[in-house]
Amino acid sequence: MGGTSGTHDAALDIRGVRVLPGWLDADEQAALVARLRDVAREAPFFRPETPRGKPMSVRMTAAGRYGWVSDRRGYRYEPRHPSGVPWPPIPDEVLAVWRAVTGLDRAPDCCLVNWYGEGARMGLHQDRDEADFAWPVVSVSLGDAALFRVGGTERGGRTASVWLRSGDVAVLEGESRLAFHGIDRIRHGSSSLLQQGGRINLTLRVVD
Ligand code: SIN
Ligand code: FE2
């Protein structure tokens, strides 16, 4: 998984976010997608809405002890899918990426699965529903390329952007753990990894 396949492109530093281009090769990406199909069979994708009732453009599901959900009751972690079933376990292949890029023994509690169809985006936000910001956030990109924007820890400051492509991994750690970030757009049709097209982003986090 990534680290075992030998050489890697150099890491990029995007405002403190560590971007690892091409961390997963094509076979590793396909294996992950197969495992995510199993996850989505047990915990189907749903379309969350913001606390103000606006439907989000991404579809979401999750694996692990907690899933992150959003609805009129607010943003929060929940131990169950909205249908009432527990979230499936985080696939081993996903845990292996976390271990390889963080070096941590502690496993993440949540693997959020975001699916971006044509036109989907994610506004600038901070990940701050977790108990301890000393743990990093690891993000894995699969499928269509996405324009990822990163700012500082205050809203409205200078930002930098990078295209995240299928197989890229990004780590928000240290100063960048609470950086504002978002997805401006995806380049629909730029990858054929996903049968239905679009992009999947996995976000791995320690919750409590
Ligand atoms: C997120 O920050 O929730 C998603 C980031 C991404 O899709 O790469
Ligand atoms: Fe985020």
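Residues numbered from 1 in each chain as written. Chains lettered and ligands numbered in written order. Predicted model: local features only at pLDDT ≥ 70, side-chain atom pairs only at ≥ 80, totals over all residues. Heavy atoms only, no water.

Caption draft 1: Examining the overall build of the protein chain more closely. Along the protein chain, the regular secondary structure elements total two helices and 13 strands. Here the C-alpha radius of gyration of the protein chain, 16 Å, is about what a compact globule of 208 residues would show, namely 17 Å. By its C-alpha atoms, the protein chain is 45 × 40 × 35 Å across when sized along the principal axes. Put simply, the protein chain has 208 residues, and 51% of those count as buried. Counted over contacts in the protein chain with a minimum sequence separation of 6, partners at least 24 positions apart contribute 70%. Accessible surface computed for the protein chain: about 9800 Å², of which carbon and sulfur atoms make up 49%. Across the protein chain, 27 positive and 26 negative side-chain charges occur, with their mean positions spaced 7 Å apart. (Helix = DSSP H or I, 4+ residues; strand = E, 2+ residues; numbered from the N terminus. Rg over C-alpha atoms; globule rule 2.2 N^0.38 Å. Buried < 20%, exposed > 50% of the residue type's maximum accessible area, 1.4 Å probe, protein only. Contact = heavy atoms within 4.5 Å. Areas by Shrake-Rupley, 256 points an atom, 1.4 Å probe, with all protein chains shown as cover. Lys, Arg positive; Asp, Glu negative; His and termini not counted. Charge placed at Lys NZ, Arg CZ, Asp CG, Glu CD.)

Caption draft 2: Broad picture of the sheet that holds strand β9 (residues 146-150). The strand order β7-β12-β9-β10 describes an open sheet built from four strands, whose pairing is antiparallel. Each having just a single partner strand, β7 (122-125) and β10 (160-164) make up the two edges of the open sheet. Taking the axes of each pair of neighbouring strands and ignoring which way they run, one obtains an average angle of 25 degrees across the sheet. For β9 and β10, the ladder comprises five bridges, and the chain directions are antiparallel. The residue of β10 that forms the bridge with R149 is S161. (Pairing = 2+ DSSP bridges. Axes fitted to C-alpha atoms, helices over the stretch in contact; angles between N-to-C directions.)

Caption draft 3: View of the site of ligand 1. As a matter of local geometry, ligand 1 sits amid N114, Y116, M122, H125, H181, I183, R199 and N201. Contact distances for ligand 1 include 2.8 Å between an oxygen atom and a side-chain N or O atom of R199. Within the side chain of N201, a nitrogen or oxygen atom sits 3.2 Å from an oxygen atom of ligand 1. When isolated, ligand 1 has an accessible area of 260 Å², and the protein chains bury 95% of it. Broken down by secondary-structure element, the contributors of at least two residues to the shell around ligand 1 are β6 (110-116), β7, β12 (181-186) and β13 (199-205). Class assignment for the residues of the shell around ligand 1 results in three nonpolar, four polar and one charged. (Near = heavy atom within 4 Å. Polar contact = N/O pair within 3.5 Å; in protein donor to acceptor, adjacent residues only side chain to side chain. Nonpolar A, V, L, I, M, F, W, Y, C, P; charged D, E, K, R; others polar.)

Caption draft 4: Expanded view of the sheet that holds β6. Here seven strands make up an open sheet; going across it, the order is β1-β2-β11-β8-β13-β6-β3 and the pairing antiparallel. Only two strands of the sheet have a single partner each, and these edge strands are β1 (12-14) and β3 (59-64). Each strand of the sheet is rotated relative to its neighbour by a mean of 20 degrees, with strand direction disregarded. Sheet topology places β3 next to β6; six bridges connect them, and they run antiparallel. Bridge pairing in β6 places R59 opposite W115.

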